[in-house]
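Architecture and fold: a report
Each chain, written out:
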2 protein chains.
Amino acid sequence: MLEYRAPTDDLNFLLFDVFRVQEAWQDIPAFADFSDDLIRAVVEEGGKLAGGVLAPVNQAGDQHGARFEDGAVTMPPGFKEAFAELAGGGWLGLSGNPEYGGQGMPKLVGCLLEEMFWAANTSLYLSGTLTVGAALCIDAHGTDEQKSLYLPKLYSGEWTGAMALTESHAGSDLGIMRTKAEPQADGSYRITGNKIFITSGEQDLSDNIVHLVLAKLPDAPEGSRGISLFIVPKFLPDADGNPGERNGFAAGAIEHKMGIHGSPTCVMNYDGATGFLLGEENQGLAAMFTMMNYERLSVGLQGLGAGEIAYQMAAAYAQDRLQGRAPSGPVNADGPADPLIVHPDVRRMLLTIRALTEGGRAFAMFVGMQLDRGRYAGDAQAQAFSELLTPVAKAFFTDRGFECTVIAQQVFGGHGYVAEWGMEQLVRDARIGQIYEGTNGIQAMDLIGRKVLRDGGETLKALIAQMREIELTHHADAVTEAFDRLESVTDELVRRAGDEPDLAGAAATSYLDLVGYTIYGWLWARMADAAGEDGFGVAKRQLADFYMARLMPMTAMLAQTALADSRMTMASDAI
Amino acid sequence: MLEYRAPTDDLNFLLFDVFRVQEAWQDIPAFADFSDDLIRAVVEEGGKLAGGVLAPVNQAGDQHGARFEDGAVTMPPGFKEAFAELAGGGWLGLSGNPEYGGQGMPKLVGCLLEEMFWAANTSLYLSGTLTVGAALCIDAHGTDEQKSLYLPKLYSGEWTGAMALTESHAGSDLGIMRTKAEPQADGSYRITGNKIFITSGEQDLSDNIVHLVLAKLPDAPEGSRGISLFIVPKFLPDADGNPGERNGFAAGAIEHKMGIHGSPTCVMNYDGATGFLLGEENQGLAAMFTMMNYERLSVGLQGLGAGEIAYQMAAAYAQDRLQGRAPSGPVNADGPADPLIVHPDVRRMLLTIRALTEGGRAFAMFVGMQLDRGRYAGDAQAQAFSELLTPVAKAFFTDRGFECTVIAQQVFGGHGYVAEWGMEQLVRDARIGQIYEGTNGIQAMDLIGRKVLRDGGETLKALIAQMREIELTHHADAVTEAFDRLESVTDELVRRAGDEPDLAGAAATSYLDLVGYTIYGWLWARMADAAGEDGFGVAKRQLADFYMARLMPMTAMLAQTALADSRMTMASDAI
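Note that the coordinates shown come from a computational prediction; the quantities given were computed from them, not determined experimentally. (Residues numbered from 1 in each chain as written. Chains lettered and ligands numbered in written order. Predicted model: local features only at pLDDT ≥ 70, side-chain atom pairs only at ≥ 80, totals over all residues.)

With that settled, the discussion passes to the overall build of chain A. Summing up its helical and strand segments, chain A has 20 helices and 11 strands in all. In summary, chain A has a C-alpha radius of gyration of 24 Å against a globular reference of 25 Å for 575 residues, a match within 12%. Viewed in the frame of its principal axes, chain A has a C-alpha envelope of about 80 × 60 × 60 Å. Across the 575 residues that make up chain A, the buried fraction comes to 62%. (Helix = DSSP H or I, 4+ residues; strand = E, 2+ residues; numbered from the N terminus. Rg over C-alpha atoms; globule rule 2.2 N^0.38 Å. Buried ≥ 20, exposed ≤ 12 C-beta atoms within 10 Å, placed from the backbone.)

On to the nonpolar core. Judged by nonpolar contacts, the single largest core of 406 residues is most densely connected at Phe230 of chain A together with Phe230 of chain B. Not counting the four nearest positions on each side in its chain, Phe230 of chain A is found in contact with Ala181, Tyr189, Ile191, Val213, Ala215, Gly275, Phe276, Leu277 and Leu278 of chain A. (Core = buried A, V, L, I, M, F, W, Y, C linked by C-beta atoms within 7 Å. Contact = placed C-beta atoms within 7 Å.)

Let's shift gears to the confidence of the model for chain A. Predicted confidence across chain A gives a mean pLDDT of 96, with 100% of residues reaching 70 or more. Here the predicted complex scores 0.98 on pTM and 0.97 on ipTM. (pLDDT = per-residue confidence, 0-100.)

This part is about the relation of the copies chain A and chain B. In screw terms, the move from chain A to chain B is a rotation of 180° and a rise of 0.0 Å along the axis, fitting with an RMSD of 0.0 Å. In symmetry terms, the pair is related by a two-fold rotation axis. Rotation axis and chain A: the residue whose C-alpha lies nearest the axis is Met557 of chain A, separated from it by 3.1 Å. Both copies contact each other with a shared surface, as 100% of the interface residues of chain A are interface residues in chain B too. (Least-squares fit on C-alpha atoms with pLDDT ≥ 70 in both.)

Attention now goes to the pairing of strand β9 (residues 243-246) of chain A. All names here are of chain A. Summarising the sheet, strand β8 (residues 235-237) and β9 pair through two bridges and their orientation is antiparallel. When the bridges of β9 are listed, Pro237 appears paired with Pro243. Hairpin connection, β8 to β9: the antiparallel pair is bridged by five residues, and Gly241 has positive phi, about 80°. (Pairing = 2+ DSSP bridges.)

What follows covers the interface of chain A and chain B. It is common to give the size of an interface as the accessible area that goes away when the parts come together. Each partner contributes to the interface: chain A provides 74 residues, whereas chain B provides 74 residues. Looking at the side of chain A that touches chain B, the elements that each hand over two or more residues are α10 (344-376), α12 (414-417), α13 (423-431), α14 (440-452), α17 (503-530), α18 (535-550), α19 (554-562) and α20 (567-570) of chain A. For the side of chain A that touches chain B, the leading source of residues is α18 of chain A, giving nine residues. In terms of residue class, the side of chain A that touches chain B is made up of 38 nonpolar, 23 polar and 13 charged. (Nonpolar A, V, L, I, M, F, W, Y, C, P; charged D, E, K, R; others polar.)

Turning to α19 of chain A, a few remarks are in order. Within α19 of chain A, seven of the nine residues are buried, leaving the element largely enclosed by the surrounding structure. Those residues of α19 of chain A that fall on the buried side of the exposure criterion are Met554, Thr555, Met557, Leu558, Ala559, Thr561 and Ala562 of chain A. At its buried positions, α19 of chain A is contacted by α16 (476-497) and α17 of chain A together with α18 (535-550) and α19 (554-562) of chain B.

All names here are of chain B. Within the secondary structure, Pro152 sits in helix α8 (residues 144-155). Each C-alpha atom, one on Pro152 and one on Gly93, is 8.4 Å from the other, the two residues being 59 residues apart in sequence. Ignoring any residue separated from it by four or fewer positions in sequence, one finds Pro152 in contact with Tyr100 and Gly101.

Moving on: unusual backbone geometry. Among all residues save glycine, negative phi is the norm, and among peptide bonds the norm is trans. Located in the positive-phi region is Ser200 of chain A, a residue other than glycine, with phi close to 60°. Assignment of secondary structure puts Ser200 of chain A in the loop between β5 (189-199) and β6 (208-215). The phi torsion at Glu437 of chain B lies on the positive side, around 55°, for a residue other than glycine. Mapped onto the fold, Glu437 of chain B is located in the loop between α13 (423-431) and α14 (440-452). For Glu437 of chain B, a count of 29 C-beta atoms within 10 Å puts it in the buried group.

All names here are of chain A. The contact between α16 and α17 brings their axes to 10 Å, and the two run at 160°. Classified by the interaxial angle, the pair formed by α16 and α17 is roughly antiparallel. Two packed elements cross with a definite hand, and for α16 against α17 that hand is left-handed. In this structure, α16 contributes Ala476, Ala478, Val479, Ala482, Phe483, Leu486, Val489, Leu493, Arg496 and Ala497 to the contact, and α17 contributes Leu503, Ala504, Ala507, Leu514, Val515, Thr518, Gly521, Trp522 and Ala525. A class-by-class count of the residues in the contact of α16 with α17 yields 16 nonpolar, two polar and one charged. (Axes fitted to C-alpha atoms, helices over the stretch in contact; angles between N-to-C directions. Parallel < 35°, antiparallel > 145°, perpendicular 65-115°, else oblique. Left-handed = near helix turned anticlockwise from the far one by under 90°.)

Glancing now at the packing of helix α6 (residues 107-120) of chain A against helix α7 (residues 122-141) of chain A. Residue and element names in this part refer to chain A. At their nearest, the axes of α6 and α7 sit 6 Å apart, and the two run at 140° to each other. Considering their axes alone, α6 and α7 lie oblique with respect to each other. Judged by residue contacts, Glu114, Phe117 and Trp118 of α6 engage Thr122, Tyr125, Gly128 and Thr129 from α7. Taken together, the residues of the contact of α6 with α7 sort by class into three nonpolar, three polar and one charged.

With that settled, the discussion passes to the pairing of strand β4 (residues 180-183) of chain B. Examined bridge by bridge, β4 of chain B and strand β5 (residues 189-199) of chain B share four bridges and lie antiparallel to one another. Bridge pairing in β5 of chain B links Lys180 of chain B to Thr192 of chain B.

Topologically, Met258 of chain A is positioned in the loop between β10 (249-254) and β11 (265-277). For the pair Met258 of chain A and Arg428 of chain A, spaced 170 residues apart in the sequence, the C-alpha separation amounts to 5.9 Å. Contact partners of Met258 of chain A, with chain neighbours within four places excluded, come to Arg428 and Arg431 of chain A together with Tyr417 and Glu424 of chain B.

All names here are of chain B. For helix α10 (residues 344-376), built from 33 residues, the straight-helix expectation of 48 Å at 1.5 Å per residue is met to within 8% by its first-to-last C-alpha distance of 47 Å. Within α10, 30 of the 33 residues are buried, which leaves the element mostly enclosed by the surrounding structure. Following α10 by one or two positions, Gly378 adopts a phi angle in the positive range, close to 60°. (Expected span 1.5 Å × (residues − 1).)

Once that is clear, we can look at the environment of Asn121 of chain A. All names here are of chain A. On the secondary structure map, Asn121 appears in the loop between α6 and α7. Judged by the 33 C-beta atoms lying within 10 Å of it, Asn121 falls in the buried class. Separated by 421 residues in the primary sequence, Asn121 and Gln542 place their C-alpha atoms 30 Å from one another. With near-sequence residues (within four places) excluded, Asn121 lies in contact with Leu54, Ala55, Val57, Asn58 and Gly61.

Structure (structure tokens):
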């Protein structure tokens, strides 16, 4: 049985001891009302919802799955009720625009809540995160009228969101899409085309589904500069803003897939559907990226959440399951065997998950803080840092999160491979995080190409410089060494990239991992410094030691592979 | 659609150019009849069976699954017919004892065939490998009568094998099992108990199923020294050796699991079933290990096979799928986009799979050769090498094999996550290899504890010394450095293990991986040296370069983590 308990102690430690949010928010008037007590209460309530409402229907979602019949999708048992509590509690509007019914909470707080919702029920929360993302996109690019019409309904979850980008021949390469948008006399557009992989494109959770659809105008430029974005609601809002006439599109099928069975992945057929331009003509991809960037961080949090629930399950099992004897002598001499937890290799597995998950949680909050400063304090550098770190968060969290679910499954042995305990579901559900919202390879190329090489590594170096300003007591030398190494790898890549056109791509994945492990190291040192003398604090410092001894060594290896001659990767005969 | 093509060129290259089997077999009279042409023909035929018969029913096996009703198991559509061809072709008796109808072929050749059968259809071949393993165990420990009765039927696949070890509370720790065996007046035993995770314990492929069951005699010593092994056939053979009376056991259920849906994983209830002692009383675990060691290498080959089919699928997709443009300029300027294969990160993924799979194939043949020399040339050192390397083969092949299926799935993007292409099935099927036949953590502890620390690293050093004797032209320095490092890590572990009781366990997984990557490096250097000047040879050397640049750096990292202070892993507060 999959169970989930909010990691409240760790969240509060990060909020109040590591990142000291009140200090960090001193120059952000928008956050003046958010006291420590309020934040603590919000996190507490969100944790209860996750553990008490979302998690209990998670396995049923996998076993029943979303069902498709005659164009309609029926969500798994209990999903509708659980979603109603998620939406009714205002959680989808948490970071939303207060002018339209949102609560204007810091992204940093939103990160914590999203991680818990993902952990508790990935399939169900997908409908939530797409709603939040659609609202964000409309808030950023919509007219006042569009905002008034859509935002309150999305924040309340009465209506939900879907993003329609992919076509069967156009995935990572959206420039070659074919869906067409023809302008109509009334200012609307007729949208015609077929999209695939549309999460929550059809479901029975909400009164209306607001699709954000990418399509091409008749005389649009070729490629990605000729794509526009449209609001295409399932039911066209009537004069009172209520769902009216059914729009001209429908789901044609849902996919059979490895996991997230409780989330309908739809084939959508738009057959002259009515759409409304969102933002400027031919600027759709950029507008969609507002949503994509939000989703990318959010999908990263899916990875963290997966790691957390996997850890909780595996740690509990390792305490209970009796198997073998401790190398240093029995600890349960009266029983038939000792608990698994005495075995060093089992502990290695559990500590690896914790080191990666708690390191990632700190990273997520750090990125959340940069987003908040960029948006609410007008801090352009923080904004640049958030853009630099978003692809790292998406790819590194989901890669490590998948790894963590596999490790946790391994702790269960054969019992991890059968469905009963739910561990294999966690693995299957976590796997999608590495693929959707831009594959992790795409994230790595975004990082190295757009975010690092394009400015000669300046933003990255500014970030490292800022990180170096915080004096560290624990692990200072290891962190300094890793920063030096990351800088020198970056310099060499910048120097060589001009002459080696394939270098960026060949180095991309190693480089992203290098950035990830390096910054986790810095965050673990900060956590070790911030930890107190109680049991929680002692354990944190022990975990920091473990990270430095067992995971930080990845950085030297990745530095080497990132700098490998790209000709080895491009050698023409070897594939 | 999953398709599989035998990697015949690579197999022949390894057989005749790298390992030069005729030279290696000069002092093995038992192999005198196996000419190059014969071996070539056997490999060719085995490849046809794999690609043409086993692979075509693989996806149906996943989709339909084995079905359980009223104690009976129905195998998926097409499995019975495909198994009949596998068995009818004599493939299950390939390495069997010629006195009883086996073909006495070298294990090294058997490795190649098994890899292909696994690749083509893991679920189906599970019934095959357990039959081969059961025959091996009876051949090693049975009486003449038992051999005459069972071996011909198992070699022909008329009867199949199953191994019954695990109980719900006793998995890795078999010493605490409860199944009882009571001696009867006629020399047989009454077997009573419940076993779980019994692969092919019940199915409709064969006329009889020969269970090898571990159980405890009434006054047996506690723990693993009190376990005996029994032959417990589903139908008791009559006086003519034909299936007679139904024995007193049945399947109670089959498991719902992550993958290998076409393979029934049975709960078996032995209710006073008639069993026949195999080997000596209370020596069952050692006897079962004859089978286990065979199965461990075989399960390792499952990992290699998974990597190979995953590579073939992903490489073909990357050649076909048009998405994006090459960093160095379009290669398909007239088309809407270039094929995926132009992208360095996609090539990195494909080359990683190849480097690991082809390196692993060479490793498997090397282990097969040691097994052959131990068994047929009375070479005690080769026997010791095979025992040292078996846990590495099992764990390293399956860990890397799983990684390879995940990487290949990633090449497909979203299309890899949906069921249609079969890539997600490969991932789910490969995952079990890391768990069964002793989890990979158990393998790592077997390696470091029983095979390395117990003799102070002598066997490992003798192996390295033998490897160093072969003069290398390519990558000699990198290999020497890796050997030096492995020796020095081994020395330090030997030195510290006495004072650090948890060191072996804490270091185990890193150490096993260190051994694996190091020996793959040596094998890649040997392959580079053996490769000719044709396209195949050039590609091999390019892959060797890739291995050295992108995977060999793992060895330095693993050396560091293997030597980490075990107190960090054992710290009591951190879990």
